[in-house]
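Architecture at a glance
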Amino acid sequence: MPSYDQQNLRYWPDYPIVSLYRVFLPISHQTAYELEPVALPPLKTGDESMNGSPDILWLGNNRMLVTERSYSAGQNGTNIKVFIADLQDATNIIANPSLKDNPASQAVQKKFLLNMDDLGVYIDNIEGATLGPVLPNGHQSILFVADNNFYKKEQNQFMLFEVIP
């Protein structure tokens, strides 16, 4: 039986804030996910470049929507790629002390969905994704968000995409 650390559900009339339940479950499965390489080199040799995943959205049926973000100093914006990750056949690596010394025999399978560079618009520092409303045509939507980190050179952005089945 999982253990739950429950807080009271509270609502403050002046602020739309609700305390959430925190759930602590024992970890029984862990998988390897391979990130794409950094998309572009930094403009100056030795400057910062990095990649990572700012958001993973559980879709059910062992599938997740994974947003990958790549940044290189001096380049305009960030490179954002979106994938569907399928955990079904991925090797459980929970007892593996080192993927470097003992690589997973089967990493998470991923299917490329979107490179936001192909949209032809400036894309800033995407921080998250969530399922949006079902559209009038019955298709699901996905909403991506970027914040400006309180920095004048960055932009707040909300981007709504239609999921074509």
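Here, every reference points to the structure presented above.
Below is a short write-up of the structure. Values in this document were obtained by computation on a predicted structure and should not be read as measured data.

Basis of the calculations
In this convention, every chain numbers its residues from 1, walking through the sequence in written order. Side-chain atom pairs in this predicted model are given and counted only at pLDDT of 80 or more, local residue features only at pLDDT of at least 70, and totals for whole chains, interfaces and linings cover all residues. Where side-chain values are given, they derive from all heavy atoms of the structure, hydrogens and water being excluded. Helix and strand definitions here come from DSSP, where helices need a minimum of 4 consecutive H or I residues and strands a minimum of 2 consecutive E residues; each element is numbered from the N-terminal end. Burial classification: accessible surface area is computed with a 1.4 Å probe over protein chains only, and a residue below 20% of its type maximum counts as buried, one above 50% as exposed, and the rest as partly exposed. Throughout, a residue-residue contact means that at least one pair of heavy atoms, one from each residue, lies within 4.5 Å. In this description, a nonpolar core means a group of buried Ala, Val, Leu, Ile, Met, Phe, Trp, Tyr and Cys residues linked to one another through side-chain atoms lying within 4.5 Å. Between 30 and 60 degrees the pair is tilted, below 30 it is stacked and above 60 it is edge-to-face, where a pair is any two Phe, Tyr or Trp rings, Trp via its six-membered ring, whose centres lie within 6.5 Å. Any carboxyl oxygen of Asp or Glu within 4 Å of a side-chain nitrogen of Lys or Arg constitutes a salt bridge here.

If you tally the helices and strands in the protein chain, you get 0 helices and 11 strands. If you list the helices and strands of the protein chain from N to C, you get β-β-β-β-β-β-β-β-β-β-β. Within the protein chain, the fraction of its 165 residues that count as buried is 27%.

Next up on the list: the environment of Ala129. With respect to the helices, strands and loops of the structure, Ala129 is situated in strand β9 (residues 126-131). For Ala129, a relative accessible area of 11% puts it in the buried group. Sequence spacing of Ala129 and Thr67 is 62 residues, and the spatial spacing of their C-alpha atoms is 7.8 Å. Apart from residues no more than four positions distant in its own chain, Ala129 is found in contact with Asp55, Leu57, Thr67, Ile142, Leu143 and Phe144.

Residues Leu65, Val82, Met116, Ile126 and Phe144 are the most contacted members of the largest nonpolar core, which totals 14 residues. Looking at this core, the elements that each hand over two or more residues are β7 (79-86), β9 and β10 (141-146).

This next bit is on the packing of aromatic side chains. With the rule as written, the count across this model stands at 2 aromatic pairs. Ring geometry for Phe83 and Phe112: centres 5.7 Å apart, planes at 65°, overall edge-to-face. Taken as a pair, Phe83 in strand β7 and Phe112 in strand β8 (residues 109-115) lie far apart in primary sequence, 29 residues in all. Looking at Phe83, the relative accessible area reads 3%, which means it is buried. Residue classification places Phe112 among the partly exposed residues on the basis of a relative accessible area of 44%.

Turning to the pattern of salt bridges, a few remarks are in order. Counted by the stated rule, this structure contains 3 salt bridges. Among the ionic pairs, Glu36 bridges to Lys110, the shortest N-O distance being 3.0 Å. In this pair, Glu36 sits in the loop between β4 (22-24) and β5 (49-60) while Lys110 sits in strand β8, placing the two residues 74 residues apart along the sequence. Here Lys110 falls in the partly exposed class, since its relative accessible area comes to 27%. Each member of the salt-bridge network shares a partner with another, and the members are Glu36, Glu68 and Lys110.

Once that is clear, we can look at the environment of Val38. Of note, Val38 is situated in the loop between β4 and β5. Note: C-alpha distance between Val38 and Arg69 (31 residues apart in sequence) is 8.5 Å. The residues contacting Val38, other than those within four sequence positions of it, are Ser49, Met50, Asn51, Ser70, Tyr71 and Ser72.

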